[in-house]
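Here is how the chains run, residue by residue.
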Amino acid sequence: NLRQYLATMIFSTVLCWAAWVFVIFFIDPFETGAMGFAFFYISLLFALIGTISLVIFGIYRLFGGREMPLFRHVRMSFRTAVVLSLLALVGLYLQSLSVLSLFNTLIFGTICMVIVSFDLSLTNFTKKHLTQH
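Being a predicted model, the structure only gives us computed values, none of them experimental.

Notes on the overall build of the protein chain
Reasoning step 1: Looking only at helices and strands, one finds five helices and zero strands in the protein chain.
Reasoning step 2: In the protein chain, the succession of helices and strands from N to C terminus is α-α-α-α-α.
Reasoning step 3: Relative to its 133 residues, the protein chain shows a buried fraction of 26%.
Reasoning step 4: For the protein chain, long-range pairs separated by at least 24 residues make up 70% of all intrachain contacts whose partners lie at least 6 apart in sequence.
Reasoning step 5: Carbon and sulfur atoms make up 76% of the accessible area of the protein chain, which amounts to about 9,000 Å² in all.

A closer look at the layout of surface pockets
Reasoning step 1: If you add up the space inside the largest pocket, you get close to 190 Å³.
Reasoning step 2: Taken together, Val23, Ile24, Ile27, Pro29, Gly36, Phe37, Phe40, Tyr41, Leu92, Tyr93 and Ser96 form the lining of the largest pocket.
Reasoning step 3: Residue assignment for the lining of the largest pocket shows that the elements contributing at least two residues are helix H1 (2-26), helix H3 (34-63) and helix H4 (70-96).
Reasoning step 4: Sorting elements by how many residues they give to the lining of the largest pocket places H3 first, with four residues.
Reasoning step 5: Within the lining of the largest pocket, the residues separate by chemical class into nine nonpolar, two polar and no charged.

Thoughts on the environment of Phe40
Reasoning step 1: Structurally, Phe40 can be placed in helix H3.
Reasoning step 2: For Phe40, the contacting residues outside a window of four places in its chain are Trp20, Val23, Ile24 and Leu92.

Thoughts on H4
Each α-helix winds once per 3.6 residues, and so residues spaced three or four apart point in a common direction.
Reasoning step 1: Between its first and last C-alpha atoms H4 spans 39 Å; for 27 residues at 1.5 Å apiece the expected length is 39 Å, and the two agree.
Reasoning step 2: The complete set of buried residues in H4 reads Arg72, His73, Val74, Met76, Ser77, Thr80, Ala81, Val83, Ser85 and Leu89.
Reasoning step 3: Once H4 finishes, Ser98 follows within two positions and takes phi at roughly 60°, a positive value.

Observations concerning the packing of H3 against H4
The geometry of a pair of packed helices is captured by two quantities: the angle between their axes and the separation between those axes.
Reasoning step 1: Orientation of H3 relative to H4, taken along the N-to-C sense of each, is 140°, at an axis distance of 7 Å. When the axes of H3 and H4 are compared, the pair comes out oblique. In terms of crossing hand, the pair formed by H3 and H4 is right-handed.
Reasoning step 2: In the contact of H3 with H4, the residues fall into 22 nonpolar, six polar and one charged.

Looking at the confidence of the model for the protein chain
Reasoning step 1: Model confidence for the protein chain is summarised by a mean pLDDT of 86, while 89% of its residues fall at 70 or above.
Reasoning step 2: For the protein chain, the element scoring lowest by mean pLDDT is helix H5 (residues 102-132), at 78; H1 scores highest, at 94.

A few points about the packing of aromatic side chains
Reasoning step 1: Per the counting criterion, the structure on display carries five aromatic pairs.
Reasoning step 2: Ring centres of Phe22 and Phe26 lie 5.1 Å apart, and the angle between their planes is 40°; on these two criteria the pair is classed as tilted. Note that Phe22 and Phe26 are positioned in helix H1 at a spacing of four residues, about one turn of the helix.
Reasoning step 3: Here Phe26 falls in the exposed class, since its relative accessible area comes to 62%.
Reasoning step 4: Ring centres of Phe40 and Tyr41 lie 5.1 Å apart, and the angle between their planes is 85°; this geometry places the pair in the edge-to-face category.
Reasoning step 5: Tyr41 gets classed as buried once you look at its relative accessible area, which sits at 16%.
Reasoning step 6: Among the aromatic side chains, those forming a connected cluster through ring pairs are Trp17, Trp20, Phe40, Tyr41 and Tyr93.

What counts, and where the lines are drawn
- Residues numbered from 1 in each chain as written.
- Predicted model: local features only at pLDDT ≥ 70, side-chain atom pairs only at ≥ 80, totals over all residues.
- Heavy atoms only, no water.
- Helix = DSSP H or I, 4+ residues; strand = E, 2+ residues; numbered from the N terminus.
- Buried < 20%, exposed > 50% of the residue type's maximum accessible area, 1.4 Å probe, protein only.
- Contact = heavy atoms within 4.5 Å.
- Areas by Shrake-Rupley, 256 points an atom, 1.4 Å probe, with all protein chains shown as cover.
- 1 Å grid on protein atoms, 1.4 Å probe; cavity = no way out; pocket = protein on both sides within 12 Å on 5 of 7 lines; lining within 4 Å.
- Points joined across faces, edges and corners; volume = space filled by probe spheres on them.
- Nonpolar A, V, L, I, M, F, W, Y, C, P; charged D, E, K, R; others polar.
- Expected span 1.5 Å × (residues − 1).
- Axes fitted to C-alpha atoms, helices over the stretch in contact; angles between N-to-C directions.
- Parallel < 35°, antiparallel > 145°, perpendicular 65-115°, else oblique.
- Left-handed = near helix turned anticlockwise from the far one by under 90°.
- pLDDT = per-residue confidence, 0-100.
- Phe/Tyr/Trp six-rings, centres within 6.5 Å; stacked < 30°, edge-to-face > 60°.

Shown next as structure tokens:
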């Protein structure tokens, strides 16, 4: 049910943020090499997905249509959070390589917006199509 999902998501998100803080303070990326960077990016990815998903779910819940089932809000918020988190991590990675520019940020951001818009329109199309039959 929704209460279990939210409790699990909040607990997992807090755990992921704790893991990320642990990586920041206790893992030296110059000693651990690629493994340290992998831990940094993976823990940050999951922490961002959880946080953004919960925030977007709250926004959908407050301002979204009440006629849409809750599982659709959960699914849409999770998908949007994954795309936005990947956008943030790719930007962070490109910045670490010193190749982040306004041009490639706009291109990748546009691609992410198209993906999220396509997902939202597909969800709305499916909702509308299912209610007609």
